[in-house]
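Survey of secondary and tertiary structure
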Amino acid sequence: MERIFLTAEKMTAALRAGDVTSAELTDEAIARIERDDKAINAICVPDFDRARAAARRADQARADGEDRPLLGIPVTVKESYDVVGMPTTWGMPAHRDFMPAEDAVQVSRLKAAGAVVLGKTNVPLGLQDIQSFNEIYGTTNNPWDHSRTSGGSSGGSAAALASGFGALSIGSDIAGSLRTPAHFCGVYAHKPTLGLAATRGMVPPPGPALPAEPDLAVVGPMARSARDLRLLLDVMAGPDELTHGVAYELTLPPARHERLGDFRVLVLDEHPFIPTGSAVRAGVRRVADALADGGAHVERHSPLLPDLAEAAMLYRQLLFSSSVARFPVEEYEQVRARAAGLSADDQSLDAALLRGMVCSHRDWIEANNRRELHRHGWRQLFAEFDAVVCPITPTPAFPHDHNPDPRERRIDIDGVEYPYFDQLVWAGVATMPGLPATAIPTGRSPEGLPVGVQLIGPMFEDRTPLRLAELLEQEIGGFQAPE
């Protein structure tokens, strides 16, 4: 394998052994970007001069005896993170010139760990799509098939990793924005437990970058191996130094098991609101077979599983309840009128979306109370199981669809069309209750596209799905470079 496709762990070993310098790794990554990114369009804001300078500093630091977790490792950063000296736009033309005054807390942690930031990766408009395209930076293509999306909203980061543009990246997730691009591009990602990693500086421009705690949304690592996810999560995890960090430090519990045969796993591939396509179903089955062959206890059903239909409705309501906060008054009134016209018997996902967009504070409190009941249900399930395996979306990467009205878009599942945003229900399984979920590649579809699944673990036991991901990587293989 080419050196640019090495994992961060192997790059670190080579740096420590003196087999390579950070300057060499950085130059190789930049050369690869300059050669291949015209077709992919993953790196929307390059920062090569400062990256080369940071690499030289990293080499000098290592020569002086330093050995930080990411010292000299070339990485990328999702465009939505504030980085001094680079614009933060979230793909919104009105903010194309916004320059933040300070680094996001996670960018500061990357730099403190010694990482070399190559640049920023592309996102959808306002981070609100399952694809990554916007008027400022254009469209990011899937490295495996340029006619298809790389996913969103961390699609630029996933495409960059799959293409060899750096060893690690950081993204964010509220509706599968880490997991879906990983699934579409054949890489790894981890959606941490809600609140585990500080989000300050990952805020729509023009800010301000306050230490808020957003509902549902998290920031997390992306990589080309499961072990690299754990390495990067250790850098990212922990409270904000301006708030909870004043009072406590983080200590994550170890993984529940170290051997595959000791894991108890619930495997799901059916959702009440949307079918699972044959390619993704095959990926789930491949993981289930590897678990069983490794001696793990595998079940397909459990009465302890919280109701997936109610969970999807709750997720829809909570997700979209904040999406109208910045709507102009006229648009908000239009949405409210549409919601008022719904029949009380309409319990569709689209109805939940509309009701969520205009729900009252009283309605939100009631939804949050029901979420707590679901969280308790998950605690009971994880007393009997260590992890849940399920799809991330129903299909592999789909063709680009830039219809300006997402309500008119459709997702094709084995020849049958479904509403575009209905595919988010699988992402919501972990997001609504705030559970950690690790996205892993499982192989390829008959068309040659990557297929991934997610491993959902108990709240604040992030090391458990991460360890299971490592073990499965040994059994079914991991990242493959696009052909």
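Everything that follows concerns the structure shown earlier in this document.
A brief report on the enclosed structure follows. (Residues numbered from 1 in each chain as written. Predicted model: local features only at pLDDT ≥ 70, side-chain atom pairs only at ≥ 80, totals over all residues. Heavy atoms only, no water.)

A count of helical and extended segments in the chain gives 14 helices and 17 strands. A compact globule built from 483 residues should have a C-alpha radius of gyration of about 23 Å, and the chain, at 21 Å, falls within 12% of that. With the C-alpha coordinates aligned to their principal axes, the bounding extent of the chain is approximately 70 × 55 × 50 Å. Put simply, 77% of the contacts in the chain that link residues at least 6 apart link residues at least 24 apart. Treating the 47 positive side-chain charges of the chain as one cloud and the 65 negative ones as another, the clouds have centres 1 Å apart. (Helix = DSSP H or I, 4+ residues; strand = E, 2+ residues; numbered from the N terminus. Rg over C-alpha atoms; globule rule 2.2 N^0.38 Å. Contact = heavy atoms within 4.5 Å. Lys, Arg positive; Asp, Glu negative; His and termini not counted. Charge placed at Lys NZ, Arg CZ, Asp CG, Glu CD.)

In this section: the packing of aromatic side chains. For the structure on display, the rule yields five aromatic pairs. Between Phe184 and Phe398 the ring centres are 5.8 Å apart and the planes differ by 85°, which places this aromatic pair in the edge-to-face class. Here Phe184, found in helix α6 (residues 179-185), pairs with Phe398, found in the loop between β13 (387-390) and β14 (410-413); they are 214 residues apart in sequence, far enough to count as distant. Taking the relative accessible area as the measure of exposure, Phe398 reaches 7% and is therefore buried. Within the aromatic cluster, the residues linked to one another by ring pairs are Phe184, Phe398, Tyr420 and Phe421. Positioned above the aromatic ring of Phe479 is the side chain of Arg224, whose terminal nitrogen or guanidinium carbon lies 5.9 Å from the ring centre. Directly above the ring of Tyr420 sits Arg409, whose terminal nitrogen or CZ lies 4.9 Å from the centroid. (Phe/Tyr/Trp six-rings, centres within 6.5 Å; stacked < 30°, edge-to-face > 60°. Buried < 20%, exposed > 50% of the residue type's maximum accessible area, 1.4 Å probe, protein only. Lys NZ or Arg CZ within 6 Å of the ring centre and 35° of its normal.)

Let us look at unusual backbone geometry. The omega angle of the peptide bond from Pro205 to Pro206 is 10°, so this bond is cis rather than trans. Assignment of secondary structure puts Pro206 in the loop between β9 (188-191) and β10 (218-223). For the bond from Gly207 to Pro208, the omega torsion is 0°, close enough to zero to count as cis. By the element assignment, Pro208 lies in the loop between β9 and β10. One non-glycine residue with positive phi stands out, namely Leu216, at about 75°. Inspection of the secondary structure puts Leu216 in the loop between β9 and β10. For Phe460, which is not glycine, the phi torsion reads 65° and is therefore positive. Inspection of the secondary structure puts Phe460 in the loop between β17 (450-456) and α14 (463-476).

With that settled, the discussion passes to helix α2 (residues 22-40). A maximum bend of about 40° is found in α2 at Glu34. Those residues of α2 that sit buried are Ser22, Leu25, Thr26, Ala29, Ile30, Arg32, Ile33, Asp37 and Ile40. Positive phi shows up at Asn41, right after α2, with a value of about 60°. (Bend = angle between axes of the 7 residues up to and from the residue.)

Backbone hydrogen bonds hold the strands of a sheet together, and the pairing may be parallel or antiparallel. Reading across the sheet, the 11 strands line up as β1-β3-β2-β8-β10-β9-β16-β17-β13-β11-β12 and stay open at both edges, with mixed pairing between neighbours. Whereas interior strands pair on both sides, the edge strands pair on one side only; in this sheet they are β1 (43-46) and β12 (297-299). Sheet twist, expressed as the average angle between the axes of neighbouring strands with direction ignored, equals 30°. Of the strand pairs in this sheet, strand β2 (residues 74-78) and strand β3 (residues 116-121) are connected by four bridges, and their pairing is parallel. Along β3, the bridge assignment pairs Pro74 with Val116. (Pairing = 2+ DSSP bridges. Axes fitted to C-alpha atoms, helices over the stretch in contact; angles between N-to-C directions.)

So, about the pairing of β10. Burial of β10 is extensive: six of the six residues sit out of reach of the surface. Strand direction decides the pairing type here: strand β8 (residues 168-173) and β10, joined by six bridges, are antiparallel. Residue pairing for β10: Asp173 is matched across the bridge by Val218. Here β9 pairs with β10 via two bridges, running antiparallel. Counterpart to Tyr188 in the pairing with β10 is Ala223.

Here Thr442 shows up in strand β16 (residues 437-444). The class of Thr442 is buried, set by a relative accessible area of 2%.

Cysteine pairs can be covalently joined through their sulfur atoms, and such a bond is termed a disulfide. This model, assessed by the stated rule, comprises zero disulfides. This cysteine, Cys185, is not joined by any disulfide, and Cys44 carries the nearest cysteine sulfur, 15 Å off. Cys390 forms no disulfide, and the closest cysteine sulfur to it belongs to Cys185, at a distance of 19 Å. (Disulfide = S-S within 2.5 Å.)

Among the residues making up helix α7 (residues 226-236), those that are buried are Ala226, Asp228, Leu229, Leu232, Leu233, Val235 and Met236. Down the axis of α7, the sector holding all buried residues measures 165°, keeping them to one side. (Arc of directions from axis to C-beta.)

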